[in-house]
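# Coordinates in review
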Amino acid sequence: NSLEIQAAFAEYDRQQTISNFKVACIIGMLLMPAGVIIDNAVYPALAPRFLKLRLENSILIGAFLTLLLTSLGHKHYRFLGITLFMLPASCIAYMIKASPDGAASPYYAGLNLVLLVLAFVLHWTFRESLCAAVLVLGLYLAAVLFHHGPVDRGIFTNNIYFLVLTGIIVATGSYFHSKSRFGEFAFRYQLDKQNRVLASTIEQLKETEMQL
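The notes below deal with the structure included here. (Residues numbered from 1 in each chain as written. Predicted model: local features only at pLDDT ≥ 70, side-chain atom pairs only at ≥ 80, totals over all residues. Heavy atoms only, no water.)

## Thoughts on helix H3 (residues 47-68)
- Counted at 1.5 Å a residue, the expected span for H3 with its 22 residues is 32 Å, and the 31 Å between its end C-alpha atoms agrees.
- Buried within H3 we find Ala-47, Phe-50, Arg-54, Asn-57, Ser-58, Ile-61, Gly-62, Phe-64, Leu-65 and Leu-68. Across the axial projection of H3, the buried residues extend over an arc of 160°, all falling on one side. More than 90 degrees from the buried face of H3, the exposed residues found are Pro-48, Lys-52, Ile-59 and Thr-66. (Helix = DSSP H or I, 4+ residues; strand = E, 2+ residues; numbered from the N terminus. Expected span 1.5 Å × (residues − 1). Buried < 20%, exposed > 50% of the residue type's maximum accessible area, 1.4 Å probe, protein only. Arc of directions from axis to C-beta.)

What follows is the structure, encoded as structure tokens:
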């Protein structure tokens, strides 16, 4: 019974996650270019360069959406989820590196946002959330490392702290969310199965009664 339920849940999870994946792609394609509003307000001199980067990122997200609609995409939808996350996260990390503020750039908040949104929209598992959290931390550290300029240790420590904290929250939330989703599905699955058995039994009793 456990293997049967797990197999049924895997198919249910695939359909739900792929459906959410499409929504996440569309949102990403729209919101990435919209960020030029922030670019013009925070780094007006870099806004044209960042806009080009944002548009390229949106095109890549569109390509992933196209790939998702194929049989290969349906088979490897979990891997594509992590890869999709890396597109906006890498874009934001690059903008942090290219900005004059480096570690102090307010764009670091975008890494938290991407991590939080995609973790719950794509129904990440604990392992996937943990992997994404580590990748976000690595991207931020790389952006700071390759930035040519002084590093404000106080702001850097603050940002690292909140990135780690967000990662812990996302990973913990994903664990309990995944557990809850499976529990609810297993309950509904067993209930539906019992109802089908009951309906079949009632039908057999009616046929027996008619024969008698």
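Having seen the structure, we can now continue with the description.
## Quick word on the pattern of salt bridges
- On inspection of all chains with the given rule, the structure shows 6 salt bridges.
- Arg-78 is the salt-bridge partner of Asp-13, the closest N and O atoms lying 2.4 Å from each other. With Asp-13 in helix H1 (residues 2-34) and Arg-78 in helix H5 (residues 77-98), this residue pair connects regions lying 65 residues apart in the sequence.
- Asp-13 gets classed as buried once you look at its relative accessible area, which sits at 4%. (Salt bridge = Lys/Arg side-chain N within 4 Å of Asp/Glu carboxyl O.)

## Quick notes on the side chain of Ser-99
- Examined against the element boundaries, Ser-99 turns out to sit in the loop between H5 and helix H6 (108-121).
- Within the structure, the side chain of Ser-99 is placed 2.8 Å from the backbone oxygen of Ile-96, a separation counted as a polar contact.
- A polar atom in the side chain of Ser-99 sits 3.3 Å from the backbone nitrogen of Gly-102. (Polar contact = N/O pair within 3.5 Å; in protein donor to acceptor, adjacent residues only side chain to side chain.)

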